[in-house]
Amino acid sequence: RISCHSEHYIASIYDWDIIIVVASKIQEMINSNNDIPPRTIVIPRHKLLKELHRYDGKKQKVDLEESLKRLQSTVIETTIWNEDYRYKSGFSFLDNWGYTERKDIKEFRITLSEWFYSGACKNGALLKTDPAYFKITSGLNRFLYRIARKHVGNQKQWDFLVETIYQKSGSDREFKKFKHDLKKSVSDN
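This report concerns the structure included in the present document. (Residues numbered from 1 in each chain as written. Predicted model: local features only at pLDDT ≥ 70, side-chain atom pairs only at ≥ 80, totals over all residues. Heavy atoms only, no water.)

1. Considerations on the nonpolar core
Inference 1: Judged by nonpolar contacts, the single largest core of 31 residues is most densely connected at I18, I19, L71, F108 and L112.
Inference 2: Elements that contribute at least two residues to this core include exactly helix 1 (16-31), strand 2 (40-44), helix 2 (45-51), helix 3 (58-73), strand 5 (94-101), strand 6 (106-112) and helix 4 (114-121).
Inference 3: Of all the elements, helix 1 adds the most residues to this core, at eight residues.
Inference 4: Judged by nonpolar contacts, the second largest core, of seven residues, contains F143, I147, I165 and F178. (Core = buried A, V, L, I, M, F, W, Y, C linked by side-chain atoms within 4.5 Å. Buried < 20%, exposed > 50% of the residue type's maximum accessible area, 1.4 Å probe, protein only. Helix = DSSP H or I, 4+ residues; strand = E, 2+ residues; numbered from the N terminus.)

Below is the structure:
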C-alpha cells in the first residue's frame with residue numbers, strides 16, 4: 001500500500017532519480033572497501049544536479065526540494081517475507097533531508113530510511129545505472145529500462161505479460177492507453 005501526506009503527491013519515477021544517485025554513492029563506498037557507509041549523504045547541489053543531468057539554477061533547487069519532500073512523505077506499507085518469518089512494515093524512502101546555502105557552500109544532506117539503507121548496503125543489492133538513464137524523458141521508458149535492467153541479469157530468457165508490466169508500473173492510465181504507449185515505446189526502440 002502506497003500513500004502520501006495530504007499536502008504532497010506520491011513520489012514519481014523522476015523523484016526516484018535522487019535515490020538512485022544517493023544509493024550509488026553508498027555502493028561506491030562499499031565497493032572501495034572503505035568504512036561502513038553513512039545513512040546520511042551530504043552532496044553539493046551542483047554535483048547532485050550534474051549527476052541528475054539537470055542545470056544548476058534556482059528553479060532546479062526548488063524542484064529538488066519538492067522531490068525530496070515527496071520522497072519523505074510517500075509511505076509504503078508492505079508484508080515482507082523473510083526466510084524464517086513474515087512481518088508487516090511501513091517506511092518512507094527518506095527519514096529526512098536538509099539544504100544548506102551559504103556564500104561558500106550549497107549542499108543537500110539526505111538521510112535514507114533505515115529500510116532503504118539496509119537494502120542498499122546488502123552485497124549485490126544494487127545494479128549500476130548507466131548515466132544515459134537520466135537523459136530518458138519518458139516515465140514509461142525509464143520504467144522499462146529499470147525493469148529490464150533488474151530482470152535481464154544472467155537469465156537466458158525472461159518475459160512478462162503486458163498486464164504484469166502494467167501492474168508493476170503503478171500507472172494510473174487506463175490499461176488500453178497504457179498498452180498503446182507500450183507498443184509505441186517498443187516501436188521507437
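Further notes follow.
2. Side note on the packing of aromatic side chains
Inference 1: The final tally for this structure, using the stated rule, is nine aromatic pairs.
Inference 2: For the ring pair Y166 and F175, a centre distance of 5.1 Å and an interplane angle of 75 degrees mean the geometry is edge-to-face.
Inference 3: Pairwise contacts between aromatic rings join W16, F91, F93, W115 and F116 into one cluster.
Inference 4: One residue, R142, lies across the ring of Y133, its end atom 4.9 Å from the ring centre. (Phe/Tyr/Trp six-rings, centres within 6.5 Å; stacked < 30°, edge-to-face > 60°. Lys NZ or Arg CZ within 6 Å of the ring centre and 35° of its normal.)

Treat this as a map of the structure, not an account of what it does.
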